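These are the residues of each chain, in order.
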Amino acid sequence: MASADTIVPARFLVTVSHLIATIMAYSTKDGNIRTALPLLSTDSYAAYNSSMVAALALTWICFATEFAGLFSGRTMFSTPSNALLIAAHTAGTVVLCMFITEGWHYLAYWYIFLFCRLTMPVAKIAPSMLSSDFAFLATEAQRMVKLGADYLHMDVMVRLLCWCSWSDCHLMVSNPGQWVDDFAKAGASLFTFHIEATADAPGLIDRIHAAGMKAGISVKPKTSIEAILHVADKVDMVLVMTVEPGFGGQKMMPDCLDKVRELRAKYPDLDIEVDGGIDVSNIEQAAQAGANVIVAGTGIFGHPAPGEAIEILRGAVTKAQIAAA
Ligand SMILES: O=C(CO)[C@H](O)[C@H](O)COP(=O)(O)O
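Please read these numbers as outputs of a predicted model, since none were measured by experiment. (Residues numbered from 1 in each chain as written. Predicted model: local features only at pLDDT ≥ 70, side-chain atom pairs only at ≥ 80, totals over all residues. Heavy atoms only, no water.)

Peer 1: With reference to specific residues and values, describe the UniProt feature "transmembrane region" (unreviewed entry) in the protein.
Peer 2: In this numbering, the UniProt entry assigns the feature "transmembrane region" (unreviewed entry) to residues 7-26, 46-71 and 83-101. End C-alpha to end C-alpha, residues 46-71 measures 37 Å, and it is 100% helix and 0% strand. (UniProt positions renumbered as here; feature names shortened; annotations may be inferred. Helix = DSSP H or I, 4+ residues; strand = E, 2+ residues; numbered from the N terminus.)

Take a look at the structure:
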């Protein structure tokens, strides 16, 4: 395994090469746009130019985010993530050089960009606030975000107010539809309900989306995955419970991971979340089954170094994704 002394500078250098290639693509974009235009025609030049500039602007936003993660140390020490990014940036630099030198159609840039962004459902770690110190909830939330959490997982058994824009709200209530507007107003970004709690899942998903939130659907351990397949294309995430919902600190039920395997085989790009009894000792099983969004309460808050636990969970997911690719 490469050490941080070599892999971190290697990642930095290939990322910079990729960035330079995108800057070159900006300065030579005229050739790619003209390839897309009929001979001697200048109609549509402005529209194609704006489209290409938009794609490049999105790329640079992604670079800014990545450099922020790298320099803040948040994504610096995960070897599987570093290896994946080195491979992605190397491939991106090579394809972009061909795009420039061979004068490919400008739309190819969009395809390259979208392929790079969408091919893999990235690892997301969601500390379950159920295991935090409720007397200092806001401080606990800030601590988790500083330590690298991608979401804060909020279990809702009675009404709860979300105060931040990256709350992953898991509603373990009957009639979840009655709370859609309240959660949207409170700033929830992801509203996950149980298939067992509604008779009209497609309608509820539409309402969640219309309220400006992502929609997730959850299955309890005894519910088969077939129960949600009719809406798997409509939702942004499927949550497979690996314990009976209710409280933290339970033991993960490995049988539930068969549902994750089945779902991942059918939906390679879907966000699949697991929740219940996940920690650094069993994350490899969940990651190898295909889970990429990891909820952990006791596994993070009860770990002597919660930031390290978050990175181990993220690293295991990324490593399993590389192995499966
Ligand atoms: O949904 C939940 C309980 O119903 C919790 O999110 C879950 O149990 C997380 O806690 P832990 O990681 O300690 O098991």
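Peer 1: Describe a nonpolar patch on the surface, and please don't skip the residues or the numbers.
Peer 2: Taken together, the side chains of Phe12, Leu13 and Phe71 present a nonpolar region at the surface, about 330 Å² in accessible area. With respect to the helices and strands, Phe71 occurs in helix H3 (residues 45-71). Taking the relative accessible area as the measure of exposure, Phe71 reaches 57% and is therefore exposed. (Patch = residues over 30% accessible without salt bridge, like charges linked within 9 Å, V, L, I, M, F, W, Y side chains within 5 Å. Areas by Shrake-Rupley, 256 points an atom, 1.4 Å probe, with all protein chains shown as cover. Salt bridge = Lys/Arg side-chain N within 4 Å of Asp/Glu carboxyl O. Buried < 20%, exposed > 50% of the residue type's maximum accessible area, 1.4 Å probe, protein only.)

Peer 1: Lay out helix H9 (residues 257-266) with the relevant residues and their values.
Peer 2: Along H9, the residues that are buried comprise Leu257, Lys259, Val260, Leu263 and Arg264. Buried residues in H9, looked at end-on, bunch into an arc of 145°, giving them a common side. Residues of H9 that are buried sit in contact with strand S5 (214-219), strand S6 (237-241), strand S7 (271-275) and helix H10 (283-289). (Arc of directions from axis to C-beta. Contact = heavy atoms within 4.5 Å.)

Peer 1: Describe the site of the ligand, naming the residues involved and giving the relevant values.
Peer 2: Near the ligand, the surroundings consist of 20 residues, among which Asp155, Gly246, Gly277, Gly297 and Thr298 are the closest. Ser128 is positioned such that a nitrogen or oxygen atom in its side chain is 3.1 Å from an oxygen atom of the ligand. In this structure, an oxygen atom belonging to the ligand sits 2.8 Å away from a main-chain N or O atom of Gly246. Taking 360 Å² as the accessible area of the ligand by itself, protein coverage stands at 100%. Going through the elements one at a time, strand S2 (152-156) and strand S8 (293-296) are the ones with two or more residues in the shell around the ligand. Looking at the shell around the ligand residue by residue, the class counts come to seven nonpolar, 11 polar and two charged. (Near = heavy atom within 4 Å. Polar contact = N/O pair within 3.5 Å; in protein donor to acceptor, adjacent residues only side chain to side chain. Nonpolar A, V, L, I, M, F, W, Y, C, P; charged D, E, K, R; others polar.)

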